[in-house]
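If you want the building blocks of each chain, they are given just below.
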Amino acid sequence: MKAVVLIDGKPVLKQVDVPKLCHGDVLIQMKACGLCGTDIEKIGGHYTASQPILGHEPTGVVFESLSADVKVGQRVFAHHHVPCYECYYCLNGSPTMCAYYRKTNLDPGGFAEYFRVPEFNVSRGAILELPSHVSFEEGCFVEPLATVLRAQKRALLKKGESVFVVGAGPMGDLHIMVAKHFGASQVFASDLSQTRLDFASKIGADYVFSAQESPEKEVIKLTDGRGADLSIVASGSPKAVVSALRATRKGGRVLLFGVPYKGSFLEYDLSELLNNELSVIPSNAAVEEDTRSALSLIAQAKINVSKLVSKLYTLDEFEKAVEDSLAGRVIKAIIVSEKTKGASD
Ligand SMILES: [Zn+2]
Ligand SMILES: [Zn+2]
């Protein structure tokens, strides 16, 4: 079968063996898998994971199952990282810090004609059945939306609060949609790209600002001189973190969501953090309760993720998908097993 794997930091479309199943494993025929910013970082060699695996937003059809809970033919989403739900971290509110969390993964990854979901994941609820009206492409947003839901939950977003989203890529867009859904009074967004800003306005941002023109000042002006109640950093750039810190009201919260490059440092006067009682809340990834909530919001069309699907690519076109994403030509690239009639090309 065909699979995109990382070889010396480069994505290579290779012929590999279809994974063999062990007790409790499930084999899925991939139908669609979103290309994530972290996949692109892994390709660029900027990611912290020691053995990077590409593709963690996959959906497909169960092809073979050694689990009693999963049936052949089911249309599903599969979660790549799953915690043990038994250790100190899992039992004390930090499941994504579980030692098993990052060890678990799909084999050989989501950008393959078939991938294996290990028994460890399957038995802990990593496979969710997609309702028949949820497309495979929409299902690709279960994982990204789950990480956004968990993040905003950690940041304790309350109805009526103002929110500033720094970075309007696909994850920033999901943050905008979710903040609106949870009743944010005003949502501001900033980015360097005008295309992304125009798109952010379309999907619900009330005000958008170029990151080059001190968006902090505008946010403060539009919040009666206070600053946003919650700022969300949906970018890995340290400058975005500083922008968020400066645009947040005294006593407000800054949610760190975008993954910075390894070795990034912040140029920021630490005294401001304490004097202004700013809370900094990082949020990394999601677990099964979040993927279930995400799928439920997608299925009820409360978060309309189909708006974010901008272009479909086949496995053979993987490199093009990465190029287009890097050049900002697409909001969210989705890799599909085959392009159906009527799908975007
Ligand atoms: Zn992702
Ligand atoms: Zn654990």
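- Looking at an unreviewed UniProt entry, one finds the chain named Alcohol dehydrogenase and attributed to Candidatus Marsarchaeota G1 archaeon BE_D.

## Some points on the coordination of the zinc ion (ligand 2)
- Those protein atoms acting as donors to the zinc ion (ligand 2) are C84 (SG), C87 (SG), C90 (SG) and C98 (SG), and they sit at 2.3 to 2.4 Å.
- In this structure, the zinc ion (ligand 2) is coordinated by four donor atoms arranged in tetrahedral fashion, with angles at the metal of 104 to 114°.
- Site description for the zinc ion (ligand 2): donor spacing in sequence, C-x2-C-x2-C-x7-C.
- Residue classification places C87 among the partly exposed positions, given a relative accessible area of 23%.

## Some remarks on the sheet that holds strand 10 (residues 207-210)
- Pairing is parallel across the open sheet formed by six strands, whose spatial order is 10-9-8-11-12-13. Looking at strand neighbours, the two that pair on one side only are strand 10 and strand 13 (279-282), the edges of this open sheet. Averaged over all pairs of adjacent strands, the angle between strand axes in this sheet comes to 20°, irrespective of strand direction.
- Note: strand 12 (residues 248-256) against strand 13, four bridges, orientation parallel. Each residue of the ladder has a partner; that of L255, found in strand 13, is I281.
- Contacting strand 8 (162-166), strand 11 (228-233), strand 12 and strand 13, helix 9 (residues 238-247) crosses the sheet at an angle of about 150° to strand 12.

## Comments concerning the packing of helix 5 (residues 142-154) against helix 11 (residues 288-299)
- Closest axis-to-axis distance for the helix 5/helix 11 pair is 8 Å, and the angle between their directions is 110°. Considered as vectors, helix 5 and helix 11 are oriented roughly perpendicular to each other. Helix 11 is crossed by helix 5, and the crossing has right-handed handedness. Counting all contacts with helix 5, which are made through V142, L145, A146, L149, R150 and K153, the residues of helix 11 involved are E289, D290, T291, S293, A294, L295, L297 and I298.
- Taken together, the residues of the contact of helix 5 with helix 11 sort by class into eight nonpolar, two polar and four charged.

## A closer look at the pattern of salt bridges
- In total, this model carries 17 salt bridges according to the counting rule given.
- For D224, the salt bridge is made with R226, and the minimal N-O distance between the two is 4.0 Å. An identical accessibility class is assigned to D224 and R226; each is exposed.
- A salt bridge links K320 to D324, with the shortest nitrogen-to-oxygen separation between them at 2.9 Å. Of the two residues, K320 and D324 both sit in helix 12 (residues 318-326), four residues apart, roughly one turn of that helix.

Criteria and thresholds
Residues numbered from 1 in each chain as written. Chains lettered and ligands numbered in written order. Predicted model: local features only at pLDDT ≥ 70, side-chain atom pairs only at ≥ 80, totals over all residues. Heavy atoms only, no water. Donors = N, O, S within 2.8 Å, 3.2 Å for Na, K, Ca; no water. Tetrahedral: all angles 85-135°; square planar, octahedral: opposite > 155°, others 65-115°. Buried < 20%, exposed > 50% of the residue type's maximum accessible area, 1.4 Å probe, protein only. Pairing = 2+ DSSP bridges. Helix = DSSP H or I, 4+ residues; strand = E, 2+ residues; numbered from the N terminus. Axes fitted to C-alpha atoms, helices over the stretch in contact; angles between N-to-C directions. Contact = heavy atoms within 4.5 Å. Parallel < 35°, antiparallel > 145°, perpendicular 65-115°, else oblique. Left-handed = near helix turned anticlockwise from the far one by under 90°. Nonpolar A, V, L, I, M, F, W, Y, C, P; charged D, E, K, R; others polar. Salt bridge = Lys/Arg side-chain N within 4 Å of Asp/Glu carboxyl O.

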